[in-house]
Structures are given as C-alpha cells and as structure tokens.
Amino acid sequence: MSRPMAEPDPTLSRPVLVTGGAGYVGSHIALALLDAGYRVVVADNLCTGLRWLVPDGACFEEVDLRDGDALEQILRRHDIGSVVHCAASTVVPDSVADPLSYYSNNIGATLSLLGAMARAGVRRIIFSSTAAVYRADNAGQPIAEDAPTDPLSPYGATKLMAERILRDTAAIGALDYTILRYFNVAGADPDGRAGQSTPAATHLIKLACETACGRRPSLTIYGTDWPTPDGTGVRDFVHVSDLAQAHIMALQQGAEAARNRIFNCGYGSGYSVRDVVRALEAATGTALPVQTAARRAGDLAQVVADGRALADTLGWQPRYADLNTIIAHSLAWESSHSTPEFHGLSGRPK
Ligand SMILES: NC(=O)c1ccc[n+]([C@@H]2O[C@H](COP(=O)([O-])OP(=O)(O)OC[C@H]3O[C@@H](n4cnc5c(N)ncnc54)[C@H](O)[C@@H]3O)[C@@H](O)[C@H]2O)c1
Ligand SMILES: O=c1ccn([C@@H]2O[C@H](COP(=O)(O)OP(=O)(O)O[C@H]3O[C@H](CO)[C@@H](O)[C@H](O)[C@H]3O)[C@@H](O)[C@H]2O)c(=O)[nH]1
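The structure contained in this document is the topic of the report that follows.

Each value, and the rule that gives it
Residues numbered from 1 in each chain as written. Chains lettered and ligands numbered in written order. Predicted model: local features only at pLDDT ≥ 70, side-chain atom pairs only at ≥ 80, totals over all residues. Near = placed C-beta within 6 Å. Helix = DSSP H or I, 4+ residues; strand = E, 2+ residues; numbered from the N terminus. Nonpolar A, V, L, I, M, F, W, Y, C, P; charged D, E, K, R; others polar. Axes fitted to C-alpha atoms, helices over the stretch in contact; angles between N-to-C directions. Parallel < 35°, antiparallel > 145°, perpendicular 65-115°, else oblique. Left-handed = near helix turned anticlockwise from the far one by under 90°. Contact = placed C-beta atoms within 7 Å.

**Here we look at the site of ligand 2**
Then, number 1: Taken together, 21 residues surround ligand 2, and among them Thr130, Ala131, Ala132, Leu204 and Gly233 come closest.
Then, number 2: Per-element tally for the shell around ligand 2: the top contributor is strand S8 (residues 219–222), with four residues.
Then, number 3: Residue classes in the shell around ligand 2 are distributed as 11 nonpolar, seven polar and three charged.

As structure tokens, this is what we get:
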C-alpha cells in the first residue's frame, strides 16, 4: 500500500541525516521521512543495525559516528540540512555490565557528530532520548517532562549527559535541538516494510511475538509481585510508526514550537506484562507458554508517560495508540520476515 506524498517543508528541502537508520527505530524514521517527501541519508556502522532495514529510497553511508572527519565529509557531500540522531548502544543490562563501552559509544558518537555538524554548518538536530533518564521513584504516576531525572543505569546516564551536551551547545547559539524521550517502543511498519529485527533484542513484545511464532519455548514474566493491579510490570507502549511521525513534526516545526524543547513520547496508557500476554493470545487464538521468574534487576513497577506536551505543542496525533494494533503489527512482522536463519545476512529476508 502506498501513502500520498506530503509536500516537504520548503525550509527543509535539504536531505536529512538519520544516524542509526539501519536499526529498529531509525529505519522507521527513515521510511516516514521518505513517505513525507524528504531526501534521506542513513549513517550507521551496523554494530546492531542491519543493512537490509535501510529503505531503498535512502542513501546509505557505513560509518562509525566517532569518526568525525568521515562524518563531516558525509554532511558536506550530501548537503545535509538537519540530523535525526538515533545511533546508540541501547541495552540497559549491557550498560550495567560494560559501562565504559556505553559512555564511549553514546557520548563519543554524540560529541563527534556535534563537532562535525558545527564544522559543516548543520544546526538542527532531533535526539533520541529515553524514559530511562527519569528518577525511579515516580510512585506509579504518569511522568511529565519536568519530573526529576536521575538515571538508574549507565545507559540512561549517557542519554541524560547527551541531553546536557545539546543544551549547553544550544546555549551558545551553535545549534537547535529537539529531544524526544521515548517510552517503550513496539510495533512494526503497518505496511510490513520494517520491524524489530535485532537478533539479541530484549524487549517484551518482541520476545512475546518470538514465543508466539515458536522461536522460543516460552516467555519469562519477570516479577509477579510488583505493586501493580495484576502484580506484573506496567509500561506505556508507543507504536514505532507513531513515534516516527513525532520526529517529522519536530523537524517541520523546528523553528517554532519544538526548538530547544524536550518531549515525552508515550500515549499515557499503561499495560501490564499479563495484558501483553492476553492480547497476544487473543491475536493468535492460542495460549502463550509462559513461566514466571523473580524481578529483573533494575526494573521498575510502572513507567507511563504524561505525553500531553507532544500533542498540545506539536499537534502529534497518534494513529496506532492501541495495544491490540501494536501486537498485530509486531506479530505480522515477526511471522513473515524475521527468521533466525536470515539474521546477519546482507539480503532482505524473503
Ligand atoms: N527501542 C526502544 O524501546 C527505545 C526506547 C527509548 C529510547 N530508544 C533510543 O532509540 C534509538 C534507537 O534505538 P533502537 O531500539 O532502534 O536500537 P537499534 O540497536 O536497533 O539501533 C541503533 C542503531 O545505531 C547504530 N549504531 C550504534 N552505535 C553506532 C556508531 N558509533 N556509529 C554508527 N552507528 C551506530 C546501530 O548499528 C543500530 O543500527 C537509541 O538512541 C535508543 O537509545 C529506544
Ligand atoms: O522477557 C521479558 C521481557 C520483559 N519483561 C518485562 O516487561 C516490561 C518491559 O520490559 P522491556 O521490554 O525490556 O523494556 P524496559 O525495561 O521497560 O525498557 C525499555 O523502555 C525504556 C523506556 O521506558 C527504554 O529506555 C529502554 O531502552 C527499553 O529497553 C518489564 O516489566 C520487564 O520486566 C518480562 O516480563 N519478560
């Protein structure tokens, strides 16, 4: 199914660089930008990304963002006008086990990118941040952008530090940023063009769909004694295509409402792990094999966004804000595309 082409913003007639565009979120952002009529360049070192996830219409540059000279050349060669910065190391427990590699990659890549942007005269950046920057004791309340920050993990700390670097750089007039703090990203492109394909993904809905497709013997529920209605963890799952649209809106309104602002990206609705299991069972018509285990280290009971600012300020209108839709799209992708034997191959899975 093809979507109508929207007129690109005349101030954004130059190509957009998507760092991490071979990854889960970045590939959906690249698709949404192409759908909206933008020219797109993806910069990715494929450390977790997959070449075949880069949409056909995008130019691909295989580069480690920490190579500032190479990046500067890419920015100049493609006449980049703005940057969506998704590239990062993203697995929370890995960041606890190996903090130095997380600080090195996430801070190193951001510093190198901002330096290259300054030298090439590129000012506008949209940054992928996370709910993991907030303090853990939110008492189960929806979290607004002005809630206290105090990340539990090195991963969250790298994101908060990168936010600070952006703020300090904007304070001297060197760039304009919009920071988007994602809650739990899930789902897949409704047209089946992209989906979560990382071989070692750890996210609940991805693992639940792998289980439903018979690739895992069972799903482990971590903790049934949380202070939540059914005892399992509660999260705010945001559809990856709605999230991608938020980046387009931030870019289009960059000179106005989104300039140097932070927005939560979540629907404000919490679903428990058992809600996810039930929704999956309803979608497949079969029982999902589950086992229970102790709470996972570093987990929180409930993480739900107060996401009103994004809608009120940028006019974000999510299209897929429904757990059943998120599950249906994830399941469709998992069952038709993401098979283990294709992981790591350069060709797109059939
Ligand atoms: N998926 C989520 O639930 C979630 C939630 C909150 C925030 N985020 C943020 O969204 C962004 C994208 O996450 P994702 O889930 O798509 O992860 P992902 O691992 O699928 O994508 C990250 C991409 O960045 C690339 N990359 C990493 N380091 C690089 C470097 N030094 N140079 C070039 N490329 C590099 C990887 O190869 C990969 O393609 C990250 O910044 C992450 O912190 C994701
Ligand atoms: O096999 C599993 C996987 C997860 N969970 C539970 O499901 C919930 C969600 O876990 P997961 O999907 O791993 O996401 P989070 O740990 O909430 O973290 C995600 O969402 C954060 C934003 O809220 C991002 O910052 C992180 O990068 C991203 O991994 C938690 O209660 C987990 O304990 C299980 O019970 N079994």
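Still more ground to cover, so stick around.
**A short note on the site of ligand 1**
Then, number 1: Taken together, 29 residues lie around ligand 1, and Gly20, Gly23, Tyr24, Gly49 and Ala88 are the ones closest in.
Then, number 2: Contributions of two or more residues to the shell around ligand 1 are made by helix H1 (24–35), helix H4 (99–120), strand S5 (124–130) and strand S7 (184–186).
Then, number 3: A total of three residues in the shell around ligand 1 trace back to one element, the largest contributor, which is H1.
Then, number 4: Classifying every residue of the shell around ligand 1 gives 12 nonpolar, 14 polar and three charged.

**Overview of the packing of helix H2 (residues 68–77) against H4**
Packed helix pairs are specified by the crossing angle of their axes together with the interaxial distance, meaning the distance between the axes.
Then, number 1: Look at H2 against H4: their axes get within 9 Å of each other, and the N-to-C directions meet at 45 degrees. Taken together, H2 and H4 sit at an angle that is classed as oblique. As H2 runs across H4, the sense of the crossing is right-handed. Between H2 and H4, the residues in contact are Gly68, Leu71, Glu72, Leu75 and Arg76 and Ser112, Leu113, Gly115, Ala116, Met117, Arg119 and Ala120, respectively.
Then, number 2: Residue composition of the contact of H2 with H4, by class: six nonpolar, three polar and three charged.

Worth remembering: the numbers are spatial, not functional.
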